[in-house]
Amino acid sequence: MMLLFPLIIGLFFYLFFKSSNRHCTPHNNNALEILDKKFVSGEITEEEYLHKKSILNKGK
């Protein structure tokens, strides 16, 4: 019983931090991929691309 309680608490923290890290990175990478595609296709100018990319990279 004394070992069960720390294991449950440890498992809780492990799952909490594992799920919180998963939500930040893919979203930012997805936004950068979309931005890259818009620049390559000519939808936005280089100035717009660099400005928006710098905004997205500030969140890292």
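Rules of the game
- Counting restarts for each chain, with residues numbered from 1 along the sequence as it is written.
- For this predicted model, a pLDDT threshold of at least 70 governs which residues receive local features, and a threshold of 80 or more governs which side-chain atom pairs are given and counted, while totals over whole chains, interfaces and linings are taken from all residues.
- As a rule here, side-chain values cover all heavy atoms of the structure and leave hydrogens and water aside.
- Numbering goes from the N terminus for both helices and strands, where a helix is a DSSP run of H or I of at least four residues and a strand is a run of E of at least two.
- Burial classification: accessible surface area is computed with a 1.4 Å probe over protein chains only, and a residue below 20% of its type maximum counts as buried, one above 50% as exposed, and the rest as partly exposed.
- To be clear on the numbers: accessible area is Shrake-Rupley with a 1.4 Å probe, and residue cover counts the displayed protein chains and nothing else.
- Put simply, a patch holds well-exposed residues, over 30% relative accessible area, that have no salt bridge, with like charges counted together within 9 Å and Val, Leu, Ile, Met, Phe, Trp or Tyr side chains within 5 Å.
- Every case where a carboxyl oxygen of Asp or Glu lies within 4 Å of a side-chain nitrogen of Lys or Arg is listed as a salt bridge.
- Aromatic pairing here means that ring centres of Phe, Tyr or Trp (its six-membered ring) are within 6.5 Å. Orientation follows from the plane angle: under 30 degrees is stacked, over 60 is edge-to-face, and everything else is tilted.

**Comments concerning the overall build of the protein**
Here is step 1 of the chain: When helices and strands are tallied, the protein shows 2 helices and 0 strands.
Here is step 2 of the chain: Looking at the protein residue by residue over its 60 residues, the buried ones come to 8%.
Here is step 3 of the chain: Total accessible area on the protein is roughly 5,500 Å²; 68% of this is exposed by carbon and sulfur atoms.

**What to know about a nonpolar patch on the surface**
Here is step 1 of the chain: A grouping of Phe-5, Ile-9, Phe-12, Phe-13 and Phe-16 is seen on the molecular surface, where their side chains present a nonpolar patch of about 550 Å² in accessible area.
Here is step 2 of the chain: Inspection of the secondary structure assignment puts Phe-13 in helix H1 (residues 4-41).

**A few points about the packing of aromatic side chains**
Here is step 1 of the chain: Across all of its chains, the model carries 1 aromatic pair by this definition.
Here is step 2 of the chain: Taken together, a centroid distance of 4.5 Å and an interplanar angle of 20 degrees make the contact between Phe-39 and Tyr-49 stacked. Highlighted residues: Phe-39 in helix H1 and Tyr-49 in helix H2 (residues 46-58), separated in sequence by 10 residues.
Here is step 3 of the chain: The exposure class of Phe-39 is partly exposed, given its relative accessible area of 31%.

**So, the environment of Ala-31**
Here is step 1 of the chain: Within the element layout of this structure, Ala-31 appears in helix H1.
Here is step 2 of the chain: Residue classification places Ala-31 among the partly exposed positions, given a relative accessible area of 24%.
Here is step 3 of the chain: Expressed as a C-alpha distance, the spacing of Ala-31 and Lys-53, which sit 22 residues apart in the sequence, is 9.1 Å.

Read these as layout, nothing more, since geometry by itself doesn't imply function.
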